[in-house]
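Given next are the chains, with one letter for each unit.
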Amino acid sequence: IYLGDVQFSISLDDLFNRVKVQYSFLSPDNHLADQSETPWTDDLSSQNEYGTKELIIHKSKIDDDAALNLRDTFLNLAAWPETKFSQALKKGDAHAVIKCAGWFETLDWKYYENFYNFYAHYGPGPGAFEFDGATNKRMPVQDFTANADGTLYYAYFQLRKIGSPTRAVYATLRDYTTGTALATSTAVLGSTIGDDFAWVKFTFPTPYTLTNGTRYLLGVRTDVVDASNYFSIKTDENQGFVPGSALYWDGSTMAQIPSITQPGRWVDLIFRAVCLTDTGTQLLNIATSGNQFFSKIDTLAAGVQTSPYRANGYSCLRETQALMDLGTSNNRLILAHVNHLRQLEFYEQPDPKTPTVFLDENNIFFDTYGMPLKPYFPPVGQFASFTGSADLLLPFDQVKTPPAFIGQVEYWPTTGGVKIHSTPSQERR
């Protein structure tokens, strides 16, 4: 706002009304301790007025009390907009300049985490279990419980060979109660497994859908016992994987893999189990998690499968944009549109070979019916062909002037002017 010689501004950019602090202690030996965090604290009045805007403050070398005081002081100062004064560079009539962001940008106001559909134990810890070198030491498995419905695609274990085994190794998902095989991976040849422990990836050609709350056994097996040529799987005798334990087939039943360092206790396998989900479904879940203002959210079947696990500390907007950049199974970007009813839609980028709008020499866009588009409703996110020359005969000259992707358009309401920003199709913004 400009008034005489004074310019002052008010912005939501620096407003935060839900805050927590992630921090680490400084120990007496001058080493940083484990990461800690405070609970969230909220200013409900501010949230009722503006919506919820989250911030995680990262600090090191502080204690619990310092973290709590930092959190509370910051919230008290940041929960409501502040006025900033400065001297106007030029004197003129009183006026205001309003800068707006689209509703899509409000996905940046909340963080996103998803700890479901990914199961892993990395240790570290001592231990190893040799298998398929004897009939009473076979089929090591890890007991785990599904924390959500999800489709299992991959399993990883740390394996090494002993001797020179050449037979196939498989990963198998089994029913916990009966031991019945539910899914079996494609084979990994023993000759490809090294002498030192390393991650070995197993792929399930028919992915299996896990059921939330159901207990499973996931492990490895071979079809042959060889006393000279067999395998070893890395375990953790520190029992770091709380919700399960490792077992093996002793010739008659499934028994606990014994601990060498802690006799009488169980061990865990070092493993990963990866479930994948269509990125279109993930976009819906992330946008729903960050939604405060949309009246409806529609998505697409992208045909691209990735892990939905997220623990990056990123906002819903950043996670959404990363998935949009992955594109669809047609190798096109995923775009987003918010209409005047605040309905958010994710959709596939149009086919560049079939432009949906046309631009003449006067910077006027026309649709496929030859009707001019209103300047305040430009074709952002579409491919446009230039038709403003008598030397061009479309569609035959499309190779000379291929369609351009309209990545951004600026519009000035006072003059009706339009400025077009054509960007490479791999850039969304």
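Predicted model, so just to flag it, every value in this text is computed and none were measured. (Residues numbered from 1 in each chain as written. Predicted model: local features only at pLDDT ≥ 70, side-chain atom pairs only at ≥ 80, totals over all residues. Heavy atoms only, no water.)

Caption draft 1: Structural detail: the packing of aromatic side chains. Overall, the coordinates contain 21 aromatic pairs when judged by the stated rule. Geometrically, the ring pair formed by Trp-40 and Tyr-111 is tilted, given 6.4 Å between the ring centres and 40° between the ring planes. Highlighted residues: Trp-40 in the loop between β4 (32-37) and β5 (41-42) and Tyr-111 in the loop between β7 (83-87) and β8 (118-121), separated in sequence by 71 residues. On the basis of relative accessible area, Tyr-111 is assigned to the partly exposed category, the value being 24%. (Phe/Tyr/Trp six-rings, centres within 6.5 Å; stacked < 30°, edge-to-face > 60°. Helix = DSSP H or I, 4+ residues; strand = E, 2+ residues; numbered from the N terminus. Buried < 20%, exposed > 50% of the residue type's maximum accessible area, 1.4 Å probe, protein only.)

Caption draft 2: Broad picture of the pattern of salt bridges. One pass over the structure, following the stated rule, counts twelve salt bridges. For Arg-332, the salt bridge identified is with Glu-348, shortest N-O distance 3.5 Å. In this pair, Arg-332 sits in the loop between α4 (316-326) and β24 (334-338) while Glu-348 sits in strand β25 (residues 343-348), placing the two residues 16 residues apart along the sequence. With relative accessibility at 22%, the residue Arg-332 sits in the partly exposed group. The partly exposed category is assigned to Glu-348, whose relative accessible area is 24%. The partner of Asp-351 in a salt bridge is Arg-332, with the nearest N and O atoms 3.8 Å apart. With a gap of 19 residues between them, Asp-351 in the loop between β25 and β26 (357-359) and Arg-332 in the loop between α4 and β24 connect regions that are remote in the sequence. Note on Asp-351: relative accessible area 26%, which makes it partly exposed. (Salt bridge = Lys/Arg side-chain N within 4 Å of Asp/Glu carboxyl O.)

Caption draft 3: Spatial organisation of the packing of helix α3 (residues 279-290) against α4. α4 packs onto α3 with a crossing angle of 165° between their chain directions and a minimal axis gap of 9 Å. Taken together, the axes of α3 and α4 lie roughly antiparallel to each other. Pair α3 / α4 crosses with left-handed handedness. Facing Thr-279, Gln-282, Leu-283, Ile-286, Ser-289 and Gly-290 of α3, the residues of α4 in contact are Cys-316, Glu-319, Thr-320, Leu-323, Met-324 and Leu-326. Residue composition of the contact of α3 with α4, by class: six nonpolar, five polar and one charged. (Axes fitted to C-alpha atoms, helices over the stretch in contact; angles between N-to-C directions. Parallel < 35°, antiparallel > 145°, perpendicular 65-115°, else oblique. Left-handed = near helix turned anticlockwise from the far one by under 90°. Contact = heavy atoms within 4.5 Å. Nonpolar A, V, L, I, M, F, W, Y, C, P; charged D, E, K, R; others polar.)

Caption draft 4: Unusual backbone geometry, seen in detail. Pro-124 follows Gly-123 through a cis peptide bond whose omega is -5°. With respect to the secondary-structure elements, Pro-124 resides in the loop between β8 and β9 (128-131). The phi dihedral of Lys-61 falls on the positive side, at around 65°, and the residue is not glycine. Considering the arrangement of structural elements, one finds Lys-61 in the loop between β6 (54-60) and α2 (64-78). Positive phi, normally seen in glycine, also occurs at Met-139, with a value near 50°. On the secondary structure map, Met-139 appears in strand β10 (residues 138-145).

Caption draft 5: Here's a closer look at the environment of Gly-150. The residue Gly-150 is located in strand β11 (residues 150-162) in this model. C-alpha separation for the pair Gly-150 and Gln-349, spaced 199 residues apart in sequence, amounts to 28 Å.

Caption draft 6: Summary view of the sheet that holds β25. Read across the open sheet, the three strands follow the order β22-β25-β24; overall the sheet is mixed. A single partner strand is all that each edge strand has here, and the edge strands are β22 (296-298) and β24. Put simply, the sheet's adjacent strands are angled 15° from each other on average, direction ignored. Judged from the three bridges that link them, β22 and β25 form a sheet pairing that is parallel. In the strand pairing of β25, Asp-298 is matched with Glu-345. (Pairing = 2+ DSSP bridges.)

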